[in-house]
Number of protein chains: 2
Amino acid sequence: MSGIATKMAKGQKQIAISEFFEKNKHFLGFDTLQRSIITAVKEAVDNSLDACEEARILPDINIKITKVDMKRDILELQSQDNGPGIPQKSIEKVFGQLLFGSRFHAIRQSRGQQGIGITGVVMYGQLTTGKPTHVISKIASESTAAVVDIGIDTRKNKAIKSNQDRMIWEDDDGSIIEHGLRVITRMKGKYQRGRQSVFQYLRMTSIVNPHASITFTDPEGETFHWPRVSEKLPTKVDSIKPHPHGIELGQLQRMCKDSSDSRMTVFLRQNFSGVSMRAAKELCDAADLDVGAKPRLLKPDHVRALLESFQGERTNNGKAVKLLAPPTNCLSPIEEILIKKGLSKTIDSKFIATMTRVPNVSHGNPFQVEVGLIFGEGLGGDKPVEILRFANRVPLMYQQGGCLLTKAIESIDWRQYGLDQAGGRGVPKGQAAILIHLASTNVQFTSEAKEALSDNESVFEETRKAMLEMGRGLRKHLEKKKKMAKTREKFELINDILPAIAAKSAAILNRPVPALSGSITKIMSAVICEEETEWNRETKITDVKITLFNYTSRARSYSILVNWPEKAGAEITENERGGRKEAMGIWGWKIETLEPGEKALIEYSLTGLEKGDWTETEVFFRGSQDVIGATKLDEKMLTQIRADEAALNQIELPEEEDEEEDYLPSTVEGNPGQATLFGGEQ
Amino acid sequence: MSGIATKMAKGQKQIAISEFFEKNKHFLGFDTLQRSIITAVKEAVDNSLDACEEARILPDINIKITKVDMKRDILELQSQDNGPGIPQKSIEKVFGQLLFGSRFHAIRQSRGQQGIGITGVVMYGQLTTGKPTHVISKIASESTAAVVDIGIDTRKNKAIKSNQDRMIWEDDDGSIIEHGLRVITRMKGKYQRGRQSVFQYLRMTSIVNPHASITFTDPEGETFHWPRVSEKLPTKVDSIKPHPHGIELGQLQRMCKDSSDSRMTVFLRQNFSGVSMRAAKELCDAADLDVGAKPRLLKPDHVRALLESFQGERTNNGKAVKLLAPPTNCLSPIEEILIKKGLSKTIDSKFIATMTRVPNVSHGNPFQVEVGLIFGEGLGGDKPVEILRFANRVPLMYQQGGCLLTKAIESIDWRQYGLDQAGGRGVPKGQAAILIHLASTNVQFTSEAKEALSDNESVFEETRKAMLEMGRGLRKHLEKKKKMAKTREKFELINDILPAIAAKSAAILNRPVPALSGSITKIMSAVICEEETEWNRETKITDVKITLFNYTSRARSYSILVNWPEKAGAEITENERGGRKEAMGIWGWKIETLEPGEKALIEYSLTGLEKGDWTETEVFFRGSQDVIGATKLDEKMLTQIRADEAALNQIELPEEEDEEEDYLPSTVEGNPGQATLFGGEQ
C-alpha cells in the first residue's frame, strides 16, 4: 500500500494536444463515417469563406468527393477556392499544427475561431488512411504556387512535410490561377444523401452566403451548382477590444501584468472598448487608483478594485461609471430578406415571419439573434417542425437536441401561433420550419465540432425574445389582415350593393338614381390603404401598388412611407410620384390633399430582387386620421435607423463625453422584422 | 490585395492548450454559474473515486461548499478524500498542467480519461477569482503532508506554485491522517437545489458507487451523508492492449515505426490483445509478411496488408484469421441489483425490469450496456419519463437531448410496455424512469465536459438491444403472471368450490361426501409452482418460500433451482432442505418423488440484503413434466454462468489454439436481467 501513490504518479505523463484530439476525434465531429466527410467539407468551406471575406474576395468554391476504395470506405475530398492563398512557410502550420490560427485572440464574428478545424481533417485523414494531405497554395505576390504534402507528428503537434515543390498553377481551362488554395485529403467516410449530408450542408451554406458561388461534384459524378446571387460581400467585420463588462478577474490580472502602458488611463482606453477618456478617469477614481499609476505594478487588491468599478460595484459619487456599449461592426447578421429566402426554399410557404434583434452583449461579447418562421401549405401533421440553426453563417446540422437554440424554441408556447405542441413545451409539430441565426464574436459551442451552442442565459433570453417578438408581429399581422378583410367586406357591401339597391329601387319607383358618394363616405368614415406587392414575370421586377382611399367627409393630408429591402441591394424604379428616401430602406411620399371620396395611387417597382424575395410591403403613415391597412410611423424608429446607417457607414461621431447610453439597448419598438443596428462610439 | 495573404498569415500564432480551454471553458462544463460548481464537484469526486479504486481503498469523500461572497457569487469548494494522495513533485502537474495524466493511454474503464478535469477547475477558479487552489496531499510513505497553492500560467500550460510547505496533517478530531488529499478552490458559481444540483450529483454517484462513503455540507451548513453500503470495491479493472479490430492504419504505422521488437510474431503477441501465437503466424501469412520481419522496417504497403489481415480482408487459406475477443476484465458494470436499488430510490416502484448485456466490442474497445426500467404507481401523466444516464459509474446530468443514450431510448416503441409515446418515437411519457449505464474502456463523449455520448453505431445498437431484451423479459414476466393468475383461479375453483358442491350435493342426497382428490388431479392435470419472496421486518432478512403442487395422476421427480443475488453479497441461510450451489447465484434442490396430490415446500432466507433489494425469485426446473410458474432450465445458461465465474476468478484457462470463438458473442438466452460475463483467453 505504501508505494501505491508513487507508483500511480509514475504512470502519469504529458499528452500532446494532437494525441488528445486524435483519440477524441469525435470532439471534432469525426464520430461516424457519415459525419466525418461532412465535417471535413465543413472545415474546408468555412476556411475558404473566412479567408475570402477577410481578403474581400467574392468566393468561388469547388468541392469534389470521389470514392477511392469502396470496400474500405475511403473517400477523397478535393476543395478549391479563389481566396488569397497561404504563404509557403505558413502552410505547414495552418495544416499541420493544432491550435494555430489568427482568429483565436480576435474579437469579431468569424466562422473559424480555434485553429483546429482543417488540421483536424489532415489528422483524421492520416489516421484512417495513413496518407498526408496534398496542398497547393498560390498567393498573388508570387509567380508560382507552393505545393506540399502535409502529415502530422501527433506526439509533437508538428507538421511532417514531404514532396515540397513550386509550380505554375493552371486551371482546367489552361488559365493561370492568380491566387487560391486547393486541398486534397483521403479519409475514411461514407457519402450519403438526405437531411444530414454534404449536399444539404452546402445548400444551407449557400442560402446564408449568397455572395458565394459553390460547386459540388458528388461521388456519382453529378455536379450541383449554387450560383452567386449577390455581388455584395458581407459587411466587413472589424476586430474589437474586450469590453470591461466581459472581463474576469484572472484575465484582468494578466492584462495588467503584461501591460507596458505608462498610465492607467492609457491602459484603459487602449485595451478596452467602450471606455472613453472620461470613463477611464472615473473608473480609476471609483477604484481609488491614481490615473497615472503603472498598470504593470498594480497589487492584486487594486486589480480587484478596478474590476469592481468595471462592474459598477464600486461607484463614483454614488453612481456606477457609465461605459459605452461595445461597437457592433464586429457582427454581420444574415438579415431579413435572406432569412425569408432561406426559409422559403425549405418548404412551400404560406406565410413567413422574421425578426432580427438589435445586437446585445454577453460577457463583453456582442451578439445578435435573428429568427424566422415559415408555415407550410397544409398545417398539422405529426412530425416535429424543421429547425434550421446557424451560427456565424454556418449551418449547424448535428446535436440539435443538445443545442441552446433548440432549448429556446422548446421553451415557447407555439400553440398560440397555430402549431401543435404537447403541453405548450418542446419542439412543436406541424408543417413549418423555424430558423435561428446567432451572430457573435464568441460563439460558445458545446464542443470543438461546433454543432450545438452551450447554455448561456443572455443568448437564451435574446432568442426567446426574438421569437416572442416575431410572434407578436405575426399576431399583429394576422389581426391587421382580419381588420382589412372586414373593412373590405364592408367596402364591397357599400360600394357594390348600395348602388345596386339604389338603382333597383330607383327603377321600381321610377325615380332617378340618387347620388350615393356622400352616403358611402358617411357609412365608411375611414381612410383605407391597400397594398399589392407582386412579382412581374415579364419585366422580372417587383411591382408595388399602394392605393389610399379617403372615405371620410373631410379632405386629408398624409405622408406615406414604405419599407423596401435596400440593404439587400434592391433599388426603387419607375416611381413617377417621386418622393424621397427618408432613411435606409424607407421611402416617403407626400400626399398633400386627398378630397372626400377620392383615392391616391402610388406605384413603383423594385429592381435587384428575385421572385419570392419581397412579397409584402409595410406601409406607414404620418397624419392625424388613422389609416386602416397602414401603421402610424414611429419617429424614434426612423431616428434609430438613421443612426444605424451612420454607424454602418463608419461615420466617425465626435466622442460625446456626456452621452448617456444604455449598456444593454432595449428593442426598438415598431416594425417587427425590421433589421436595426446598434449604434455607438467607435 | 497582393499583400493580403502575407498580412493575414502574420496574424497567426500558436495557442497554448490552457489558453484554448480558458476561452472555451464551456467545453469543460463551466458554461453557467449553476453548472460550474457541479462540474467542479464532479471532477473532484471522480478523481477521488478513481484514485481510491486504483489504490484499492474504500473511499471516504467529504465535500463542503461555502458562500464566500454572496454579492459576487463566489463559492469555496473543499473536497477531501482518504485516497493514496499525490507525491509532492507530482502535485503541480496534476493540478497545474492540462493534458497531464495516467489514464489517457491506458485501455481500461475509468472515470477520468483525459487529464483535464481537475486542472480545469483550478483554471476556472483562477480566472474567476484570481486565486490559486490550495492542495494538501499526504502519501503513506512520508511522515508529513505536502501543502502548496497552485495557479496556472495559461500561456505556457505550467503550474505557478506558491506557499509550498510540509505539515503534520491532523483530522478534525486530532488524529493523524495517514493518506489522502484535500483541495480547496474558490470560484464563481451559484449553488442551487433540484434535479441539476450538487446534491443530486452526489446522490446519483452514491447509488452507483455503494462502496463509497460520501458526506456533503451545503452552503446553508446542512450536512448530508450517504453511507457506505457495500464493503466490496468494484471489480479491479486491468489495462488491456489494443485489439487488432480497433486499430486505424495511421496508428498501426506509428506502432510499427516505434517498435523495437525483433520479429513480427513477438510484436503482434505483445502489443495487441486477442492475438495468439497461431493467430500471429496466420496474420503474417495472410499479409505475405515473414514472421521474422522487423516491425520497424515494414514498408507502408506491408503495414496496409497487415491491417487488411487484421480486418479479415486478407485471408489465410481463404479464411479470415480468427482472433480472440479482447478480455473484459477491463470493465466493471454496475450490475442488476444496484440498478434496481438505484431505480427504486428515484420513484415509488410498481415494477422494475433490468438487463445487463454481455460485453461487446467497438473499434477494439470493450464496452457493456446495462439498462433498467421502473414503473411508478400511477402510470400516465403528461411528463416525459426520467432518464438516468451513467457512463463508467459517473452520472451524466446535462446535454440529455444530445446524448446517444437518449437517442437510443427515443428509437424504441415504448407503447408496447404501457408508456405514452406520440407516434412510437421520442422520449416516452408517464410515471417511469429509465436507467442506462455504459461501461467502456473508451467512452466517447461529445465534449470534454463528459455529459453526453457521441454517435457510435455499435453502442447505439447494443443499447437498443438491451432495452428490447429488457422489454421481452418484461412481456414474458407479465405473461407468466397472467398464466399463474388463471391457474390460480382454476385451482381455487376446483379446490374450494368442488368440495363445497360435493358436500352440499351429498347432504341433499343424503349420501357420503365422495373422495375428490382424484377428480381434482384429473381436472388440473398440472404441476404448479408458487413463489413468495418477502422482506421480514423482524429478522431484517429476506424470506423465500417455494411450493410445488403435483396435480397430475403420476408421481413426479424434479430438480428445482432458484437465482439469488450472490454477486451482490447475499448468502443463503436457514435452508433446511440443503441442496447445493449449482453455479454463481444459482442454488438447486432435488425433489425425488412428489406423489399425485402432494406438495413439496422449499424454504430459505437471504442475508446481506436491504429492504427492496430482492422482491422476486426466479424458479427453474429440470424434469419431464412442465411446471406452471417455473421456467425449464436452459443448461447452456448454466454452463455460461460457470464459465463467467471462472473468468471472474481469473482462472487461467490453457490456450486452446483451435478454439473457434466468436468475436462478437451473441446474447445468452434465458433469464432476462441475468448478468453474464464474457469469458475468453486472457
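Per chain, the residues get numbers from 1 upward, laid out in the order the sequence is written. A letter from A marks each chain and a number from 1 marks each ligand, given out in the order of writing. A pLDDT threshold of at least 70 governs which residues receive local features in this predicted model, and a stricter bar of 80 or more applies before side-chain atom pairs are shown or counted, although totals over entire chains, interfaces and linings include all residues.

Overview of the overall build of chain A
1) Next: From N to C terminus, chain A includes 15 helices and 26 strands.
2) Next: Projected onto its principal axes, the C-alpha positions of chain A cover 120 × 70 × 60 Å.
3) Next: Counting only contacts in chain A whose residues sit at least 6 apart along the sequence, the fraction spanning at least 24 positions is 72%. Per the convention used, a helix needs a DSSP run of H or I reaching at least four residues, while a strand needs a run of E reaching at least two, with both numbered from the N terminus. Placing a C-beta atom from the backbone of each residue, one calls two residues in contact when those atoms lie within 7 Å.

Brief notes about the nonpolar core
1) Next: For our purposes the nonpolar core covers buried Ala, Val, Leu, Ile, Met, Phe, Trp, Tyr and Cys residues that link as a set through C-beta atoms within 7 Å. Counting other C-beta atoms within 10 Å of each residue's C-beta, where C-beta atoms are placed from the backbone, gives the exposure class: buried for 20 or more, exposed for 12 or fewer, partly exposed between. Within the largest apolar cluster, 300 residues are counted, with the highest numbers of intra-cluster contacts made by Val41(A), Leu438(A), Leu453(A), Val41(B), Leu438(B) and Leu453(B).
2) Next: Not counting residues up to four positions away in its chain, the partners in contact with Leu438(A) are Phe367(A), Val369(A), Ala391(A), Leu405(A), Val443(A), Leu453(A) and Val459(A).
3) Next: Membership of the second largest hydrophobic core comes to 26 residues, among which are Ala280(A), Ala287(A), Val303(A) and Val321(A).

Focus on the environment of Leu498(A)
Residues and elements named next belong to chain A.
1) Next: Tracing the chain through its elements places Leu-498 in helix α13 (residues 457-509).
2) Next: What makes Leu-498 partly exposed here is the crowd of 14 C-beta atoms within 10 Å.
3) Next: In sequence terms Leu-498 and Lys-71 are 427 residues apart; their C-alpha atoms lie 80 Å from each other.

Let's talk about the packing of helix α4 (residues 88-96) of chain A against helix α5 (residues 117-129) of chain A
All names here are of chain A.
1) Next: Structural elements are reduced to axes, namely lines fitted to C-alpha atoms, with helices fitted over the stretch in contact, and the angle between N-to-C directions of any two is expressed from 0 to 180 degrees. Packing of α4 against α5 leaves a shortest axis separation of 7 Å and a crossing angle of 75°. By the criterion of interaxial angle, the relationship of α4 to α5 is roughly perpendicular. Between α4 and α5, the contacting residues are Val-94, Phe-95 and Gly-96 on the first element and Ile-118, Thr-119 and Val-122 on the second. Comment on the angle field: the value is read as roughly parallel under 35 degrees, roughly antiparallel over 145, roughly perpendicular from 65 to 115, and oblique elsewhere.

Notes on the relation of the copies chain B and chain A
Two chain copies, one operation linking them: a rotation about an axis together with a shift along it.
1) Next: To superpose the copies, least squares is applied to the C-alpha atoms of every residue with a pLDDT of at least 70 in both. By a simple turn and slide, chain B fits onto chain A: the slide is 0.1 Å along the axis, the RMSD is 0.3 Å, and the turn is 180°. Taken together, these values place the two copies in the relation of a two-fold axis.
2) Next: Most of the interface of chain B is mirrored in chain A: 100% of its interface residues are interface residues there too.

Focus: the sheet that holds strand β18 (residues 541-551) of chain A
Paired through their backbone hydrogen bonds, the strands of a sheet run either parallel or antiparallel.
1) Next: The five strands are arranged β20-β23-β18-β17-β25 (chain A) in an open sheet whose pairing can be described as mixed. Strands with a single pairing partner mark the edges of an open sheet, and in this sheet they are β20 (571-573) and β25 (627-628) of chain A. DSSP bridges decide pairing: two strands pair if at least two such bridges lie between them.

Here we look at the environment of Ser517(B)
All names here are of chain B.
1) Next: Tracing the sequence through the fold places Ser-517 in helix α14 (residues 517-524).
2) Next: The exposure class of Ser-517 is exposed, given the 11 C-beta atoms found within 10 Å.
3) Next: For the pair Ser-517 and Asp-413, spaced 104 residues apart in the sequence, the C-alpha separation amounts to 48 Å.

Thoughts on the sheet that holds strand β24 (residues 619-622) of chain B
1) Next: Pairing is mixed across the open sheet formed by five strands, whose spatial order is β21-β22-β19-β24-β26 (chain B). On the outer flanks of this sheet lie β21 (580-583) and β26 (631-632) of chain B, each paired with one strand and no other.

So, unusual backbone geometry
Residues and elements named next belong to chain B.
1) Next: Unlike most non-glycine residues, Arg-56 shows phi in positive territory, near 55°.
2) Next: On the basis of neighbour count, Arg-56 is assigned to the exposed category, with 11 C-beta atoms found within 10 Å.
3) Next: If you check the backbone angles, Asn-392 has positive phi at about 45° while not being a glycine.
4) Next: On the basis of neighbour count, Asn-392 is assigned to the buried category, with 26 C-beta atoms found within 10 Å.

Brief notes about the environment of Ile65(B)
Residue and element names in this part refer to chain B.
1) Next: Within the secondary structure layout, Ile-65 lies in strand β2 (residues 60-69).
2) Next: With 21 C-beta atoms counted inside 10 Å, the residue Ile-65 sits in the buried group.
3) Next: C-alpha separation for the pair Ile-65 and Tyr-191, spaced 126 residues apart in sequence, amounts to 8.5 Å.
4) Next: Apart from the residues lying within four places of it in its own chain, the contact partners of Ile-65 are Ile-37, Leu-75, Leu-77, Tyr-191, Val-198, Asp-218 and Pro-219.

A look at the interface of chain B and chain A
1) Next: In this assembly, 64 residues from chain B lie in contact with 65 residues from chain A.
2) Next: If you list the elements that add at least two residues to the side of chain B that touches chain A, you get α1 (4-10), α2 (17-23), α3 (33-54), α4 (88-96), β4 (100-101), α5 (117-129), α7 (249-258) and α10 (300-310) of chain B.
3) Next: Ranked by the residues each element gives to the side of chain B that touches chain A, the list is headed by α1(B), at five residues.
4) Next: Three residue categories are used. Nonpolar comprises Ala, Val, Leu, Ile, Met, Phe, Trp, Tyr, Cys and Pro, charged comprises Asp, Glu, Lys and Arg, and polar comprises the others, including Gly. Tallied by class, the residues present in the side of chain B that touches chain A amount to 23 nonpolar, 32 polar and nine charged.

What about the domain arrangement of chain A?
Residue and element names in this part refer to chain A.
1) Next: Boundaries between domains were set according to an automatic or database domain assignment. The assigned domain composition of chain A is domain 1 (17-226), domain 2 (244-310), domain 3 (349-475) and domain 4 (516-633).
2) Next: Between domain 1 and domain 3, the C-alpha centre-to-centre distance is 29 Å.
3) Next: At the junction of the two partners, domain 1 supplies 20 residues and domain 3 supplies 15 residues.
4) Next: Contributions of two or more residues to the side of domain 1 that touches domain 3 are made by α3 (33-54) and α6 (198-208).

Let's talk about helix α6 (residues 198-208) of chain B
1) Next: Within α6(B), eight of the eleven residues are buried, which leaves the element mostly enclosed by the surrounding structure.
2) Next: Turning to α6(B), its buried residues number three or more, namely Val198(B), Tyr201(B), Leu202(B), Met204(B), Thr205(B), Ser206(B), Ile207(B) and Val208(B).

Section: the confidence of the model for chain A
Low pLDDT means the predicted atomic positions in that stretch should not be read closely.
All names here are of chain A.
1) Next: A residue-level look at chain A finds 92% of positions with pLDDT of 70 or above and a mean pLDDT of 84.
2) Next: The predictor attaches a confidence to each residue, called pLDDT, with possible values from 0 through 100. This stretch, residues 650-682, has a pLDDT under 50; its non-local contacts, to residues over four places away or in other chains, come to 74 contacts.
3) Next: Under the prediction, the complex receives an ipTM of 0.77, its pTM being 0.79.

Some words on the pairing of strand β9 (residues 213-217) of chain B
All names here are of chain B.
1) Next: The alternating pattern of β9 places Ile-214 and Phe-216 on a buried face, while none of Ser-213, Thr-215 and Thr-217, on the opposite face, is buried.
2) Next: Where β2 meets β9, five bridges bridge the pair, whose relative direction is parallel. In the strand pairing of β9, Ile-63 is matched with Phe-216.
3) Next: Linking β9 back to strand β10 (residues 223-226) in an antiparallel pair, the connection comprises five residues, with Gly-221 at a positive phi of about 90°.

Examining the pairing of β10(B)
1) Next: For β9(B) and β10(B), the ladder comprises four bridges, and the chain directions are antiparallel. Paired with Ile214(B) across the bridge in β10(B) is Trp226(B).

So, the packing of helix α8 (residues 264-271) of chain A against helix α9 (residues 277-286) of chain A
Axis angle and axis distance: for two packed helices, these are the angle between their axes and the distance between the axes, and together they describe the pair.
Residues and elements named next belong to chain A.
1) Next: Axis separation between α8 and α9 bottoms out at 9 Å; the angle between their running directions is 125°. As the angle between them shows, α8 and α9 are arranged oblique. Like other packed secondary-structure pairs, α8 and α9 cross with a definite hand, here right-handed. Within the contact between the two elements, α8 uses Met-264, Thr-265, Leu-268 and Arg-269 and α9 uses Met-277, Ala-280, Lys-281, Leu-283 and Cys-284.
2) Next: Of the residues that constitute the contact of α8 with α9, the class distribution is six nonpolar, one polar and two charged. Left-handed describes a crossing whose near helix is turned anticlockwise from the far helix by less than a right angle; the clockwise case is right-handed.

Here we look at α4(A)
1) Next: Burial analysis of α4(A) places seven of its nine residues in the buried class, which makes it a mostly covered element.
2) Next: Turning to α4(A), the residues buried within the fold contact β4 (100-101), α5, β5 (133-138), β6 (145-153) and β7 (158-167) of chain A together with α1 of chain B.

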